[in-house]
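Here is what each chain is made of, one letter per residue.
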Amino acid sequence: MAHSASFSVNICQTDSDYENLDGSEPDLVSLCELVREPAASTQRCSETLEMEVFREYTDSWSSGSSDMRDDGEINRLERHRWSAATQKILSSMPSRSVGQNIAAGISRCSTRSSQLRRHQTTSQDSSHHSRPIQDNFALTDLEEISSEENKKEQLVSSLRGLSVGDTMRKLRAMPLSLADKMELRRRAFSDVAESSFINRNIPRNSSFNWYISRTWRHCLFGCLTILVSLRLWHLPMKRLSGRFGTGVLSYFLFLRTLLLFNLLLFIINGLFLVFPQAINPPYDSHLNNFTGLELLTGMGYFSQSMMFYGYYSNTTIKNCQAAVSAPDTAGGSCDAVRSQTVPYSIPAAYFFTITIAFFIICIILVYSVSKSFGNSLHFLKSNGNLAVKVFCSWDFKVSKKTSIRLQSEKISTHLKELLSEMMSGEDEASCMERLCLLIVHLFTWAVCLASIFLGALAVHYLSEAVIYELGPSKETELLLLSAVVSAINLLLPGLFNLCAWIEKHDSPSVRVYVSIFRNLLLKVSIIGVLCFRWLGKIAVKPENHGLQCWESFVGQELYRLLLMDFIFTMLYTFLGEFLWRLFSQQVLKRNRKPVFDIARNVLELIYGQTLTWLGVLFAPLLPAVQIIKLFVLFYMKKGSLLLNCQASRKPWRASQMTTLFISLLWFPSFIGAAVSVTYTIWKIKPSSVCGPFRNLTTMSLSVELWTKELQNTHPALSWLSWTYKYLVDNPLFLFLTSGVFLMVIYIHAQVVDGQRKIISLLEKQIENEGKDKKFLITKMQDIYEQSSVVSPHR
């Protein structure tokens, strides 16, 4: 067998590149033609093999062919280096050539010319019987080079007829090397470059406009980074994500989402309710002296402020043409005939502001839930994401040392999460181990449910005692109920974490989901008991408890609960994280720090937001308190996390955490609050001495009276009466709207589930086609080996 010279060969090339490697190759041309069938693979040929590998393999094949015939076949699954004929067949497969079109041969033009020169040089030192083959090879290469040059000219001429954008897109999609693409682009745009706008007689105005547009584009691209950095808490979240992973990041993203919800609610209430009442204050309002205790109880000075329901009046603000006194303007005694604009009713504004705000938030939540279900498709499999993260995640435009460190930490943490998810898998346990594990789980769940029941029972009996002890000197005692509720919310999650430690879940994500469900049962039970106390006991018979304005009292209760929850959260951050870190490092001499409890902290956020949504009817400025709380909470949790906590020893990817958080925020948090507020507006009688709905049977009746007044004074607005009667007051519209929202979520979930199944089937199909390809390659190698054995050795 003649030795060939050492030169690089691309396995994407055609059969002629391998003609000079072995004497038995021409016999396999028909086999090569039979194997050229379409392959359903998206892999592209990018690797190159050196000819030395083929030469060593060919030498070893020629020297050991007799031994192989005597010892038997080698293992097909362990064969890593194919013969030259098999490499030729592989290169002709459609999956490696990416289509045999005009562009497929252009990238090999320069390679063929260099190979031709090398073959001509090598032919002088080769044996006499190989000269006809080499001459045939040279003639074939000359013909192919000339044909490829013609094809290149045809391709350039076809590109010249396209626009610049279409030409660039077509060049980008071609399977060519970068040098070939640059040459094609230069030849295609050569005429355009010669007749560019610099050499043409273009008016000065057009040139000036072109420069302005280019400068504007550069400014926009430069402002993109600034706009991204202006997002709230963008840089701190990047640091937290790189150091602690996506699980901790999901908590802070959820906190920012709640902040935006409260900001929207505060803007709506401030513009349409608080501001009109502030510029027209009621005349019977008087403020008490401020002592400082009101910041905790919400009573005294705050009870007669815009913070709570009792401050707002039932007046109608009117603007008159004639000069009127301040009482007439505020009280609404101006003559309706001289009215220049539509009167602004405070009761109607109160009703529509709360209703529209809840409707807008409901739409946003439904959209967020649907969108989060769709985004969950990106986290179905971790294998592909791992490859993308390894090879395509680094941003080469990063130049600052801090940015480089943050990006490397983020990529490292994400790789740990993906690897942990790939390697996660429970070992097969015996029947006895499964039985013991089931007994442990039943015991821990019984302990958790019993503790939740006892906590709710304690809140119920304490609230009954507080109801019957209400009085003018009992302001400090009112903090007892809020403190007990917050203490239960603080202590029982620790018991849940102890039960989770006993259960010993293998997956950190399963442990977080179980903790979230237990904390959710606790919060729902406590809020359910309190709502029954407020709407079932106090609102029904407020005179039995010495209350003249029960709406303001409920708003004060919610304010105290929200404030106490924030205080106990600060205490837990200081005692449970900071002092525990000091005790662990100084006394126990351990370097370990506590892990950030995602389940506890997320349910605290949902609990506080539920209180805000329940209290917005009785305290319109309660979202402002929640905004301040969330701002302080973010920086407090961020500092405590960086100082007192460490990343989990088992990294895990929170691929669907955001979907779970938004779903829990929508149900049961928002749906429960919306049902309670709707029941209060349509069914419960408001107080007769305070608030905008005084002397009415229900709060919704104020809108009916307002629409009738508008119909009498402004006949052009009679359609508002019809809208209220058939859309607002009709429960059928509410049920239809709720059904549409639920249907949208259900359809979106089903679509996502169907896409997930299709993706799974396609992945299995690709895997099976890969196995088929391996099978065919093995068969081709067997055919080549048999033909080499049968044919005489050359």
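Conventions we followed
- Residues numbered from 1 in each chain as written.
- Predicted model: local features only at pLDDT ≥ 70, side-chain atom pairs only at ≥ 80, totals over all residues.
- Heavy atoms only, no water.
- Helix = DSSP H or I, 4+ residues; strand = E, 2+ residues; numbered from the N terminus.
- Buried < 20%, exposed > 50% of the residue type's maximum accessible area, 1.4 Å probe, protein only.
- Contact = heavy atoms within 4.5 Å.
- Salt bridge = Lys/Arg side-chain N within 4 Å of Asp/Glu carboxyl O.
- Core = buried A, V, L, I, M, F, W, Y, C linked by side-chain atoms within 4.5 Å.
- Disulfide = S-S within 2.5 Å.
- Patch = residues over 30% accessible without salt bridge, like charges linked within 9 Å, V, L, I, M, F, W, Y side chains within 5 Å.
- Areas by Shrake-Rupley, 256 points an atom, 1.4 Å probe, with all protein chains shown as cover.
- Axes fitted to C-alpha atoms, helices over the stretch in contact; angles between N-to-C directions.
- Parallel < 35°, antiparallel > 145°, perpendicular 65-115°, else oblique.
- Left-handed = near helix turned anticlockwise from the far one by under 90°.
- Nonpolar A, V, L, I, M, F, W, Y, C, P; charged D, E, K, R; others polar.
- pLDDT = per-residue confidence, 0-100.
- Phe/Tyr/Trp six-rings, centres within 6.5 Å; stacked < 30°, edge-to-face > 60°.
- Lys NZ or Arg CZ within 6 Å of the ring centre and 35° of its normal.

**Student:** Looking at this structure, how should I read the overall build of the protein chain?
**Tutor:** Within the protein chain, the secondary structure is distributed over 27 helices and four strands. Put simply, the protein chain has 794 residues, and 41% of those count as buried. In the protein chain, once contacts between residues fewer than 6 apart in sequence are set aside, the share between residues at least 24 apart is 79%.

**Student:** For this particular structure, what's the right way to read the pattern of salt bridges?
**Tutor:** Should the charged atoms of two oppositely charged side chains come close, the side chains can pair. Counted under the stated rule, the structure contains nine salt bridges. One salt bridge in this structure joins Glu 557 and Arg 560, with 2.5 Å as the shortest N-O distance. Residue Glu 557 and its partner Arg 560 are both found in helix H21 (residues 550-586); the two are separated by three residues, about one turn of the helix. For the pair shown, Glu 557 and Arg 560 are each scored as buried. Among the salt bridges present, the one from Arg 600 reaches Asp 597, with a minimum N-O distance of 3.6 Å. The exposure classification of Arg 600 matches that of Asp 597, with both residues buried. Connected through shared salt-bridge partners, Arg 533, Glu 557 and Arg 560 make up one network.

**Student:** Any chance you could explain the nonpolar core here in plain terms?
**Tutor:** Proteins that are soluble and globular tend to have nonpolar side chains buried together. Phe 254, Trp 613 and Phe 670 are the most contacted members of the largest nonpolar core, which totals 114 residues. Here the element with the most residues in this core is helix H12 (residues 246-279); it accounts for 13 residues. The contacts of Phe 254, once residues within four sequence positions are left out, are Val 602, Leu 605, Ile 606, Phe 661, Ile 662 and Leu 665. The next biggest cluster of nonpolar side chains, apart from the first, holds eight residues, and it includes Leu 155, Val 156, Leu 159 and Leu 171.

**Student:** Explanation requested: the state of the cysteines in the structure shown.
**Tutor:** Taken as a whole, this structure holds one disulfide when the rule is applied. Put simply, Cys 549 and Cys 690 are joined by a disulfide, and their sulfur atoms are 2.0 Å apart. The sign of the 95° torsion about the S-S bond sets the Cys 549-Cys 690 disulfide as right-handed. Note that Cys 549 is positioned in the loop between helix H20 (508-538) and H21 and Cys 690 in the loop between helix H24 (657-683) and helix H25 (701-713), a separation of 141 residues in sequence. Assessed through its relative accessible area of 17%, Cys 549 is described here as buried.

**Student:** Can you walk me through a nonpolar patch on the surface in this structure?
**Tutor:** A contiguous nonpolar surface patch, about 550 Å² in accessible area, is contributed by Leu 260, Leu 263, Phe 266, Ile 267, Leu 271 and Phe 272. Mapped onto the elements, Phe 272 comes out in helix H12. The partly exposed category is assigned to Phe 272, whose relative accessible area is 45%.

**Student:** Even after reading the chapter, I still don't get the environment of Phe 618, so can you show me in this structure?
**Tutor:** Position of Phe 618 relative to the elements: it lies in the loop between helix H22 (598-615) and helix H23 (622-644). Each C-alpha atom of the pair Phe 618 and Gly 691 lies 9.6 Å from the other, and the pair is 73 residues apart in sequence.

**Student:** Explanation requested: the packing of H22 against H24 in the structure shown.
**Tutor:** In helix packing, the relevant descriptors are the interaxial angle and the interaxial distance, both defined with respect to the helix axes. Running from N to C, H22 and H24 point in directions that differ by 25°, and their axes come no closer than 9 Å. When the interaxial angle is binned, H22 and H24 end up roughly parallel. Crossing hand, H22 versus H24: right-handed. Where H22 approaches H24, its residues Ile 598, Val 602, Ile 606, Gln 609, Thr 610, Trp 613 and Leu 614 are matched on the opposing element by Phe 661, Leu 664, Leu 665, Ser 669, Phe 670, Ala 673, Ser 676 and Val 677. Among the residues forming the contact of H22 with H24, the class breakdown is eleven nonpolar, four polar and no charged.

**Student:** I'm lost on the confidence of the model for the protein chain in this one. Help?
**Tutor:** Note: predicted coordinates in regions of low pLDDT should not be interpreted at a detailed level. Summing up the model confidence of the protein chain, the mean pLDDT is 74 and the portion of residues at 70 or higher is 70%. In this model, residues 194-202 is a region of pLDDT below 50 whose contacts with residues beyond four sequence positions or in other chains number seven contacts.

**Student:** What am I meant to see in the side chain of Ser 552 here?
**Tutor:** Here Ser 552 lies in helix H21. Classification of Ser 552 by relative accessible area gives buried; the value is 5%. If we skip the residues at most four places from it in the chain, Ser 552 touches Phe 308, Tyr 309 and Gly 310.

**Student:** Before we go on, may I ask you to explain the packing of helix H11 (residues 234-244) against H23 in this structure?
**Tutor:** Orientation of H11 relative to H23, taken along the N-to-C sense of each, is 35°, at an axis distance of 12 Å. The chirality of how H11 crosses H23 is left-handed. Across the interface between the two elements, Pro 236, Met 237, Leu 240, Arg 243 and Phe 244 from H11 touch Phe 634, Lys 638, Leu 641 and Leu 642 from H23. Here the contact of H11 with H23 is composed, by residue class, of seven nonpolar, no polar and two charged.

**Student:** Would you explain H11 in this entry?
**Tutor:** Residues that lie three or four places apart on an α-helix share one face, since the helix turns once every 3.6 residues. Regarding H11, the residues found buried are Met 237, Leu 240, Ser 241, Gly 242 and Phe 244. At the exit of H11 stands Gly 245, carrying a positive phi of roughly 95°.

**Student:** What exactly am I supposed to notice about the environment of Arg 186 here?
**Tutor:** Looking at the element boundaries, Arg 186 is found in helix H8 (residues 178-188). Sequence spacing of Arg 186 and Val 156 is 30 residues, and the spatial spacing of their C-alpha atoms is 9.6 Å.

**Student:** For this particular structure, what's the right way to read unusual backbone geometry?
**Tutor:** The general pattern is negative phi for most residues beyond glycine and trans for most peptide bonds. Residue Pro 668 is bonded to the preceding Phe 667 through a cis peptide linkage, with omega at 15°. Note on placement: Pro 668 falls in helix H24. For Lys 504, which is not a glycine, the phi torsion comes out positive at approximately 55°. Tracing the chain through its elements places Lys 504 in the loop between helix H19 (478-503) and H20. The exposure class assigned to Lys 504 is exposed, which follows from its relative accessible area of 63%. Of note in this structure, Asn 695 is not a glycine but carries a positive phi near 65°. Relative to the helices and strands, Asn 695 is located in the loop between H24 and H25.

**Student:** It is not clear to me how the packing of aromatic side chains should be interpreted in this structure. Could you clarify?
**Tutor:** Describing an aromatic ring pair means giving the distance of the ring centres and the angle of the ring planes. Tallied over the entire structure, the rule returns 26 aromatic pairs. Aromatic side chains Tyr 309 and Phe 693 sit 6.3 Å apart centroid to centroid with 20° between the ring planes, which places their arrangement in the stacked category. One end of the pair, Tyr 309, is in the loop between helix H13 (294-297) and strand E3 (316-317); the other, Phe 693, is in the loop between H24 and H25, and 384 residues separate them in sequence. Centre to centre, the rings of Phe 352 and Trp 706 are 6.1 Å apart; their planes meet at 65°, and the pair counts as edge-to-face. Separated by 354 residues along the polypeptide, Phe 352 in helix H15 (residues 346-375) and Trp 706 in helix H25 bring together distant segments of the chain. Residue classification places Phe 352 among the partly exposed residues on the basis of a relative accessible area of 26%. When its relative accessible area of 16% is taken as the criterion, Trp 706 is described as buried. By way of ring pairs, the aromatic residues Trp 233, Tyr 251, Phe 252, Phe 596, Phe 631, Phe 634 and Tyr 635 are connected into one cluster. A cation sits over an aromatic face here: Arg 518 above Trp 445, 4.3 Å from the ring centre. Positioned above the aromatic ring of Tyr 607, the side-chain terminus of Lys 523 is 5.1 Å from the ring centre.

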